[in-house]
Amino acid sequence: MNELLHIQREDSGIVTLTLHRPEAANALSIALLQHLKSVVDELKFTPSVRVVIISGSGNKTFCAGADLKERATMDDETVKKTVSLISETIQAVAHLPQPVIAAMNGSALGGGLELALACDLRIVSTHGLYGLTETTLAIIPGAGGTQRLPRLIGVGKAKELIFTGKRLTGTEAAEMGLAEWACSPKEVMAKAYNLAEAISKNGPIAIRQAKRAIDTGLEVDLLTGLKIEKLAYEQTISTADRLEGLKAFKEKRKPHYIGK
């Protein structure tokens, strides 16, 4: 267990990654980013992993974004490299073939929210604050925020939040569509695990192909998207899991999927 990133693996295939810098509001230091990226790269090629949950230590802050105290000691060249590392790490999360759930058990601002935007599903705390606040520091979201937020909540609302640096409550974030659920701090992780367990019981190959079809299809026209869906569906036809699903349905029992 790395002291900056706690990793919990379940027999069901659920892996929880907990950012662990409580003394720094779980801010993304260079060391934490390097370890997170390394772990994410490993999970990408681990078929037994069915769902990934990303959370933060404590119940006050999910992730405060970039470590500004660390950033203040850097020269311009180092800043550019660090911004690139944040972007690469968050992009690696977005490219995981498994579903990723952001369990935001506290506030998420700047790069912390950008990390959550790269996940598939988001749960926020009703006691937290959420926003892309970079313009208040005379910079812009540089790890996907200007691209993912408009795709999620619409161009106008995204521009409003980014231009003003406004911070939303958890309830407001859910109502705007930035998150799928808003829960009390104590309920965030329970909700994340319930979702992960429901997902992990389904065919893992099908889940990965569904994610691929949705994510890729969003970037193209409908006709091309339907072709992508067709190709993704075809990847499931020859699997043992598909036959198991049919057999379990016929026998009126729960299927046991093995990811093959």
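So, here is what we can say about the structure in this document. Because the structure is predicted, anything quoted here is derived from the model rather than measured. (Residues numbered from 1 in each chain as written. Predicted model: local features only at pLDDT ≥ 70, side-chain atom pairs only at ≥ 80, totals over all residues. Heavy atoms only, no water.)

Quick word on the overall build of the protein chain
Okay, so step 1: Of regular secondary structure, the protein chain possesses 11 helices and 10 strands.
Okay, so step 2: By its C-alpha atoms, the protein chain is 60 × 45 × 35 Å across when sized along the principal axes.
Okay, so step 3: Scored against the burial criterion, the 260 residues of the protein chain give a buried share of 45%.
Okay, so step 4: Across the protein chain, contacts joining residues at least 24 apart in sequence account for 66% of those joining residues at least 6 apart. (Helix = DSSP H or I, 4+ residues; strand = E, 2+ residues; numbered from the N terminus. Buried < 20%, exposed > 50% of the residue type's maximum accessible area, 1.4 Å probe, protein only. Contact = heavy atoms within 4.5 Å.)

Observations regarding the packing of helix α1 (residues 30–44) against helix α3 (residues 76–94)
Okay, so step 1: In the contact formed by α1 and α3, the axes pass within 9 Å of each other and the chain directions differ by 30°. Looking at the two axes, α1 sits roughly parallel to α3. As for how α1 packs across α3, the hand of that crossing is left-handed. Contacts from I30, L33, Q34, L36, K37, V40 and D41 of α1 reach α3 at T82, L85, I86, E88, T89, A92 and V93.
Okay, so step 2: The class makeup of the residues in the contact of α1 with α3 is 8 nonpolar, 3 polar and 3 charged. (Axes fitted to C-alpha atoms, helices over the stretch in contact; angles between N-to-C directions. Parallel < 35°, antiparallel > 145°, perpendicular 65-115°, else oblique. Left-handed = near helix turned anticlockwise from the far one by under 90°. Nonpolar A, V, L, I, M, F, W, Y, C, P; charged D, E, K, R; others polar.)

Topic: helix α9 (residues 204–217)
Since the α-helix advances by 3.6 residues per turn, residues separated by three or four positions end up pointing in the same direction.
Okay, so step 1: Here α9 contains 14 residues, and its C-alpha end-to-end distance of 20 Å stays within 8% of the 20 Å for a straight helix at 1.5 Å per residue.
Okay, so step 2: For α9, every residue scored as buried is listed here: P204, Q209, K211 and A213.
Okay, so step 3: In the core, the buried residues of α9 are packed alongside α3, β5 (100–104), α10 (222–237) and α11 (240–251). (Expected span 1.5 Å × (residues − 1).)

What about a nonpolar patch on the surface?
Okay, so step 1: A surface patch of nonpolar side chains, about 280 Å² in accessible area, is lined by L68, L137 and I139.
Okay, so step 2: As for its position among the elements, L68 is in helix α2 (residues 68–71). (Patch = residues over 30% accessible without salt bridge, like charges linked within 9 Å, V, L, I, M, F, W, Y side chains within 5 Å. Areas by Shrake-Rupley, 256 points an atom, 1.4 Å probe, with all protein chains shown as cover. Salt bridge = Lys/Arg side-chain N within 4 Å of Asp/Glu carboxyl O.)

Thoughts on the pattern of salt bridges
Okay, so step 1: With the rule as written, the count across this model stands at 11 salt bridges.
Okay, so step 2: One salt bridge in this structure joins K157 and E160, with 3.7 Å as the shortest N-O distance. Separated by 3 residues within a single helix, K157 and E160 lie in helix α6 (residues 155–164), roughly one turn from each other.
Okay, so step 3: Residue K157 is classed as partly exposed on the basis of its relative accessible area, which comes to 41%.
Okay, so step 4: In this structure, a network of salt bridges that share partners links the residues R21, E23 and D67.

Points about the sheet that holds strand β6 (residues 107–109)
Each strand in a sheet pairs with another by means of backbone hydrogen bonds, the pair being arranged parallel or else antiparallel.
Okay, so step 1: Strand order in this open sheet of 4 strands is β4-β6-β8-β9, and the pairing throughout is mixed. Two strands close off the open sheet at either side, each with one partner strand: β4 (61–63) and β9 (168–169). (Pairing = 2+ DSSP bridges.)

Brief notes about the sheet that holds strand β3 (residues 51–56)
Okay, so step 1: Taken together, 6 strands build an open sheet; the order of strands is β1-β2-β3-β5-β7-β10 and the sheet is mixed. Each edge of the open sheet carries a strand with a single partner, namely β1 (5–9) and β10 (181–183). The average angle at which neighbouring strand axes cross in this sheet is 20°, direction not considered.
Okay, so step 2: In the sheet, strand β2 (residues 14–19) pairs with β3 via 6 bridges, with the strands oriented parallel. Following the sheet pairing, I14 is matched in β3 by V51.

So, the packing of α9 against α10
Okay, so step 1: Relative orientation of the contacting elements α9 and α10 amounts to 170°, with a least axis distance of 9 Å. Between α9 and α10, the angle falls in the class roughly antiparallel. Residues I205, A206, Q209, R212, A213, T216 and G217 of α9 form the contact with α10, whose participating residues are G225, I228, E229, A232, Q235 and T236.
Okay, so step 2: Each residue belonging to the contact of α9 with α10 can be placed in one class, and the counts come to 5 nonpolar, 6 polar and 2 charged.

Observations regarding the side chain of R122
Okay, so step 1: Locating R122 in the fold gives a position in strand β7 (residues 121–125).
Okay, so step 2: For R122, a relative accessible area of 3% gives the class buried.
Okay, so step 3: At a separation of 3.2 Å, a polar atom in the side chain of R122 contacts the main-chain carbonyl oxygen of A116.
Okay, so step 4: When residues no more than four places from it in sequence are discounted, the contact partners of R122 are A102, M104, A116, L117, L152, L178, A179, E180 and W181. (Polar contact = N/O pair within 3.5 Å; in protein donor to acceptor, adjacent residues only side chain to side chain.)

Observations concerning the pairing of β2
Okay, so step 1: Burial analysis of β2 places 6 of its 6 residues in the buried class, the great majority of the element.
Okay, so step 2: The alternating pattern of β2 places I14, T16 and T18 on one face and V15, L17 and L19 on the opposite face, and all of these are buried.
Okay, so step 3: Pairing of β1 with β2 involves 5 bridges; the strand directions are antiparallel. Bridge assignment links Q8 to a residue of β2, and that residue is T16.
Okay, so step 4: Between β1 and β2, which pair antiparallel one after the other, the connecting turn spans 4 residues, and G13 there sits at a positive phi close to 95°.
Okay, so step 5: As for the winding sense of the linkage, the β-α-β connection from β2 through α1 to β3 is right-handed. (Right-handed = clockwise from strand over helix to strand, strands pointing away.)

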